[in-house]
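# Breakdown of the fold
Read off the chains here:
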Amino acid sequence: MMAAMVAFSFEDAFVKAVSETHPVGQVLIVFGLGGTLLFAVIARIQKKSLLNPDVLSRAMGIRVVFEVIGRLFYVLALALTPLSSTTAILQATPIIVVLGAAILFGEKVGWRRWGAILIGLIGVLIILRPTTDSFSALSLLAVIGTIGFAGRDLASRAAPVSLSTSLLGFYGFVAIILAGVLFSIWDGKAFTWFDGKSLFYFLGAVLMGAFAYSALMKAMRSGDVSAVTPFRYTRLLFGIALGMTLFGEEPDMMMMIGCGIVVLSGLFILWRGKVTAQSVAPR
């Protein structure tokens, strides 16, 4: 899980760097093509058919929609806002997933976890600071991207079990291509030629993204979910460190306080979920 979070952080840094010289639509399309090709090769090596009929299930359709929303707005946030703040807002994903599971799937959430969800959302507001002069409406791009990723994760829970990690990765990157095409049509900016540096950034983003996705699936499928999930929050540390080191960002005290509230709320929700599961388990 920690290896996945390190790789995701570097993927974000590569995407942000290449977005400084190329249109966002082009970044999404090229990044999506690279990931699609890589996961297609992996699927073929595993002798998995890319035309699995379960891909047309309702859950997969919903998953693709949320993947498009999440990827598009998250990449826009990376391109237009600091890496550290974008990564910080992303840490609210587990909180939104629990909220969505309670509303959509009827999962039991006690008053303690409801309280933690509320406190976690307050932490996001502290990071955003909507009532202060330092508020930037562009920060809402990361919020929409986070909601998209949470919706994707919820839809993944309902996805057919016949779809392997490589197939989910393949169609996840297909959704990124779709997001790039749709945004390019709306944006209307001409694509620009690659140079050696931008090709390196693209290659780095694809390789880091594919490795991170595979490591994440390995951790979630082979380890105790309650044990490995808290390590998702290490992405915040790596994201802030890369933002400060590579892009000269300087997170302020209010942002750090908001980050702490979000992380502590998420960890408490995970802990209470484990305690609740143990208390209702047959003995």
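Residue numbers restart at each chain and count upward from 1, following the sequence in its written direction. Where totals are concerned, whole chains, interfaces and linings use all residues; where local detail is concerned, this predicted model gives features only for residues with pLDDT of at least 70, and gives and counts side-chain atom pairs only at 80 or more. Heavy atoms from the whole structure form the basis of all side-chain values; hydrogens and water molecules are not counted.

## Some thoughts on the overall build of the protein chain
Spelled out, the test is: A run of H or I in DSSP counts as a helix once it spans at least four residues, and a run of E counts as a strand once it spans at least two, with each numbered from the N terminus. For a compact globule the rule gives 2.2 Å times the number of residues to the power 0.38, and the radius of gyration it is set against comes from C-alpha atoms. Any two residues whose heavy atoms approach within 4.5 Å are treated as being in contact.
Check the secondary structure of the protein chain and you find 12 helices and 0 strands. Secondary structure of the protein chain in N-to-C order comes out as α-α-α-α-α-α-α-α-α-α-α-α. In terms of overall size, the protein chain behaves like a compact globule, its C-alpha atoms giving a radius of gyration of 19 Å where 283 residues would be expected to give roughly 19 Å. If one aligns the C-alpha atoms of the protein chain with their principal axes, the spans along those axes are about 60 × 50 × 30 Å. Intrachain contacts of the protein chain at a sequence separation of at least 6 include 89% that bridge at least 24 residues.

## Remarks on the packing of aromatic side chains
The condition that has to hold: Ring pairs are drawn from Phe, Tyr and Trp, using the six-membered ring of Trp, whenever the two centres fall within 6.5 Å, and their geometry is named by plane angle: stacked under 30 degrees, edge-to-face over 60, tilted for the rest. Each residue is placed in one exposure class: buried if its accessible area under a 1.4 Å probe, protein chains only, is under 20% of its type's maximum, exposed if it is over 50%, and partly exposed if it falls in between. A ring is scored as having a charge over it whenever the NZ atom of a lysine or the CZ atom of an arginine sits within 6 Å of its centre and within 35 degrees of its normal.
Within the structure shown, the criterion is met by 11 aromatic pairs. Taking 4.9 Å as the distance between ring centres and 90° as the angle between the ring planes, the aromatic pair formed by Phe170 and Tyr171 counts as edge-to-face. In terms of burial, Phe170 and Tyr171 fall into one category: buried. Through pairs of rings, three or more aromatic residues link up here, namely Phe31, Phe39, Phe173 and Tyr213. The lysine or arginine in question, Lys16, covers the ring of Phe247, its NZ or CZ lying 5.6 Å from the ring centre. The ring centre of Phe173 lies 5.9 Å from the NZ or CZ of Arg71, which sits over that ring.

## A few points about the packing of helix 2 (residues 24–45) against helix 3 (residues 58–80)
Put simply, the rule reads: Orientation is described by lines fitted to C-alpha atoms, with helices fitted over the stretch in contact, and by angles between N-to-C directions that extend from 0 to 180 degrees. An angle below 35 degrees is read as roughly parallel, one above 145 as roughly antiparallel, one from 65 to 115 as roughly perpendicular, and any other as oblique. In a left-handed crossing the near helix is turned counterclockwise from the far helix by less than a right angle, and in a right-handed crossing that turn is clockwise. Residues are sorted three ways: Asp, Glu, Lys and Arg are charged, Ala, Val, Leu, Ile, Met, Phe, Trp, Tyr, Cys and Pro are nonpolar, and all the rest, Gly among them, are polar.
The N-to-C vectors of helix 2 and helix 3 enclose an angle of 125°; their axes lie 10 Å apart at closest approach. Regarding the angle of helix 2 to helix 3, the classification is oblique. The two elements helix 2 and helix 3 meet at a crossing, and its hand is right-handed. Each of Val24, Leu28 and Phe31 in helix 2 lies in contact with helix 3, whose residues at this interface are Arg71, Leu72, Val75, Leu76 and Ala79. Here the contact of helix 2 with helix 3 is composed, by residue class, of 7 nonpolar, no polar and 1 charged.

## Things to note about empty space enclosed by the protein
Definition in use: A pocket here means an open set of points on a 1 Å grid, computed over the protein atoms alone, that has protein on both sides within 12 Å along at least five of seven lines. A cavity is instead a set of points where a 1.4 Å probe fits but cannot get out; residues with an atom within 4 Å of a point line either one. Grid points are joined across faces, edges and corners, and a volume is the space filled by probe spheres set on the points.
Here the structure, examined in full by the defined rule, presents 2 cavities of 30 Å³ or more. The calculated volume of the largest cavity comes to roughly 40 Å³. What lines the largest cavity is simply Glu67, Arg71, Arg152, Leu168, Gly169, Gly172, Phe173 and Tyr213. The element that contributes the greatest number of residues to the lining of the largest cavity is helix 8 (residues 165–187), accounting for 4 residues. The residue inventory of the lining of the largest cavity, partitioned by class, reads 3 nonpolar, 2 polar and 3 charged. By volume, the second largest cavity is sized at about 30 Å³. Taken together, Pro23, Gly25, Gln26, Phe183, Ser184, Asp187, Gly188, Lys189 and Phe191 make up the lining of the second largest cavity. Every element with two or more residues in the lining of the second largest cavity is listed here: helix 2 and helix 8. Sort the elements by how many residues they give to the lining of the second largest cavity and helix 8 lands first, with 3 residues.

## What about the environment of Met208?
Inspection of the secondary structure assignment puts Met208 in helix 9 (residues 196–222). Taking the C-alpha atoms as reference, Met208 lies 18 Å from Ala43; in sequence the two are 165 residues apart.

## Quick notes on the pattern of salt bridges
Oppositely charged side chains may form a pair once their charged atoms are brought near each other. The condition that has to hold: Every case where a carboxyl oxygen of Asp or Glu lies within 4 Å of a side-chain nitrogen of Lys or Arg is listed as a salt bridge.
Scanning all chains against the criterion turns up 7 salt bridges. One salt bridge in this structure joins Asp12 and Arg235, with 2.9 Å as the shortest N-O distance. Remark: Arg235 occurs in helix 11 (residues 234–247) and Asp12 occurs in helix 1 (residues 2–19); sequence separation between them is 223 residues. Side by side, Asp12 and Arg235 carry an identical accessibility label, which is buried.

## What about the UniProt feature "domain: EamA" (unreviewed entry) in the protein chain?
Which entries qualify depends on this criterion: UniProt positions are given in the numbering used here, feature names are shortened, and annotations may be inferred rather than shown by experiment.
Under the present numbering, the feature "domain: EamA" (unreviewed entry) in UniProt falls on residues 1–128 and 140–270. For residues 1–128, the end-to-end C-alpha separation is 27 Å, with 79% helix and 0% strand making up the annotated structure.

## What about the environment of Phe31?
Relative to the helices and strands, Phe31 resides in helix 2. Residue classification places Phe31 among the buried residues on the basis of a relative accessible area of 3%. Between the C-alpha atoms of Phe31 and Ala205, which are 174 residues apart in sequence, the distance is 7.2 Å. Beyond its immediate chain neighbours, meaning those up to four positions away, Phe31 contacts Glu11, Arg71, Phe173, Ile176, Phe202, Ala205 and Val206.

## A closer look at helix 2
Defined as follows: Expected span of a helix, by definition, is 1.5 Å for each gap between consecutive residues, and there is one gap fewer than residues.
Counted at 1.5 Å a residue, the expected span for helix 2 with its 22 residues is 32 Å, and the 32 Å between its end C-alpha atoms agrees. Just downstream of helix 2 lies Lys47, where phi reads positive at about 60°.

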